[in-house]
Amino acid sequence: MTISRFLKKLTAFSLVSTAVLLSSTATAAPLKIGVVPGIFADSVVVAAQEAKQQGVDVQVIEFTDWATPNVALDAGDIDLNYYQNSNYLANAVRDKGFKLVSVQPGILSYLGLYSLKHATLVDLPDGASVAIASDAVNVGRGLRLLQHAGLITLRPETGLLGTPDDIVSNPKNLKFVEVEGPQLARATQDVDLAQGFPYFILASNAFDATKALSLTSYEDDSWAIQFVARGDKAQDPRIAQFLEVYKTSPAVREAIDQFYQGEQKLYRLTWLPH
């Protein structure tokens, strides 16, 4: 064999070895999942432990706000996030141009109305202060819950992004205060009534989340928290393998039920028949 042929073979072998190494490195890269505090983080951590036994390394990254997880996912800094319902996602995609898609629904955690000052909705005084979430989708969701509870009436044509301007009847002259969703649990003590997310209330241990005066148990699965990926990464086999673990793991279901203190009225698992 001539020296030139030997060098060509050596170069080819090096290129193949490098390609194999890069492929191996890519396969071994951790699946990065963005979550918010509470059961979404906790249940993903449980599933991550089981997924690791199947060869999928999962890195759980916790965020404290509702904007950054989508920015990080769109930028490719994480592979999945798990904190938003499909209506919130659709609004974010429309407003920001994100190329994000839902790959699986998860926990449907109901929205509630809570008061630390009044035992029933009937007890609310005239001019009562009501805290609602500040993001567009959850403003509309909160207003529909207030309507369902008989406190207000919205224009018949009001869509998902309803605002206080859509209220056509407000017999108790409720006064609305907009608060960032994760902060509503703390704000409840300062108002007569507050829109509340049981998972944040339970996570913060602010008060008894089971004492809601009304709950959105009537909502469909579009309000379930979704596992969301970039459109071009949605078929990643690591994602499929992790989601299968999440859906089938008894330990995940037990962790979720314990978080909700065994109160089925606070949540539903969308991947199970009901």
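The present account deals with the structure reproduced in this document. (Residues numbered from 1 in each chain as written. Predicted model: local features only at pLDDT ≥ 70, side-chain atom pairs only at ≥ 80, totals over all residues. Heavy atoms only, no water.)

## Structural notes on unusual backbone geometry
To be explicit about the condition: By the criteria applied, helices consist of DSSP H or I runs no shorter than four residues and strands consist of E runs no shorter than two, each listed in order from the N terminus.
With a phi angle near 50°, Asn 173 is a residue other than glycine that sits in the positive phi range. Summarising the element assignment, Asn 173 is placed in the loop between strand S9 (167-169) and strand S10 (175-179).

## Focus: the sheet that holds strand S13 (residues 225-230)
Note the following rule: Each pair of strands is called paired provided DSSP finds at least two bridges between the two strands. Here an axis means a line fitted to C-alpha atoms, over the contact stretch when the element is a helix, while the angle between two N-to-C directions is reported on a 0 to 180 degree scale. Residue contacts follow a heavy-atom distance rule, with two residues in contact if any of their heavy atoms lie within 4.5 Å.
Spatial ordering of the open sheet is given by S2-S1-S3-S13-S4, a layout of 5 strands whose pairing is mixed. Strands with a single pairing partner mark the edges of an open sheet, and in this sheet they are strand S2 (58-62) and strand S4 (100-105). Strand-to-strand twist of the sheet, defined as the mean angle between neighbouring strand axes without regard to direction, takes the value 35°. In this sheet, S2 lies alongside strand S1 (residues 31-35) in parallel orientation, the contact comprising 5 bridges. Directly across from Leu 31, in S2, lies its bridge partner Val 58. Set on the sheet, helix H4 (residues 86-96) makes contact with strand S3 (80-85), S4 and S13; between it and S3 the angle comes to about 105°.

## Quick word on the packing of helix H2 (residues 39-53) against helix H8 (residues 237-248)
Counted only if it meets this: Working definition: roughly parallel below 35 degrees, roughly antiparallel above 145 degrees, roughly perpendicular at 65 to 115 degrees, and oblique for all remaining angles. Working rule for handedness: look at the near helix, and if it is turned counterclockwise from the far one by less than a right angle, call the crossing left-handed; if clockwise, right-handed. Charged residues are taken to be Asp, Glu, Lys and Arg, nonpolar residues to be Ala, Val, Leu, Ile, Met, Phe, Trp, Tyr, Cys and Pro, and polar residues to be all remaining types, Gly included.
Close contact between H2 and H8 brings their axes to 9 Å; oriented N to C, the two are set at 115°. For the element pair H2 / H8, the angle class is roughly perpendicular. The way H2 lies across H8 gives a crossing that is right-handed. Contact residues: Ser 43, Val 44, Ala 47, Ala 48, Glu 50 and Ala 51 in H2; Phe 242, Val 245 and Tyr 246 in H8. Its residues assigned to classes, the contact of H2 with H8 comprises 7 nonpolar, 1 polar and 1 charged.

## What to know about the side chain of Asn 91
Its location among the elements puts Asn 91 in helix H4. Those residues in contact with Asn 91 that sit more than four places away from it in its chain are Ala 136, Val 137 and Leu 161.

## Structural notes on the pattern of salt bridges
Here is the rule we go by: Every case where a carboxyl oxygen of Asp or Glu lies within 4 Å of a side-chain nitrogen of Lys or Arg is listed as a salt bridge. Exposure is judged per residue with a 1.4 Å probe applied to protein chains only, and the accessible area is read against the type maximum: over 50% gives exposed, under 20% gives buried, and values in between give partly exposed.
One pass over the structure, following the stated rule, counts 8 salt bridges. Residue Glu 157 is joined to Arg 155 by a salt bridge in which the shortest nitrogen-to-oxygen separation is 2.6 Å. For Arg 155, a relative accessible area of 28% gives the class partly exposed. Across the salt bridge formed by Asp 221 and Arg 268, the nearest N and O atoms sit 2.8 Å from each other. Here the residue Asp 221 occupies a position in the loop between strand S12 (214-215) and S13, and Arg 268 occupies one in strand S14 (residues 267-269), the gap between them amounting to 47 residues.

## Some points on H4
To keep it simple, the criterion reads: Side-chain atoms alone can form a polar contact between residues adjacent in sequence; in general such a contact is a pair of N or O atoms within 3.5 Å, and within protein one must be able to donate a hydrogen while the other accepts it.
Among the residues of H4, Asn 87, Tyr 88, Leu 89, Asn 91 and Ala 92 are the ones counted as buried. Its buried side turned inward, H4 meets helix H3 (68-74), S3, S4, helix H5 (136-148) and S13. Measuring from the side-chain oxygen of the N-cap residue of H4 to the backbone nitrogen of Asn 87 gives 3.0 Å; that N-cap residue is Asn 85. In the stretch just after H4, Gly 97 is the one whose phi turns positive, near 75°.

Functional significance is not addressed by these values, which are geometric in nature.
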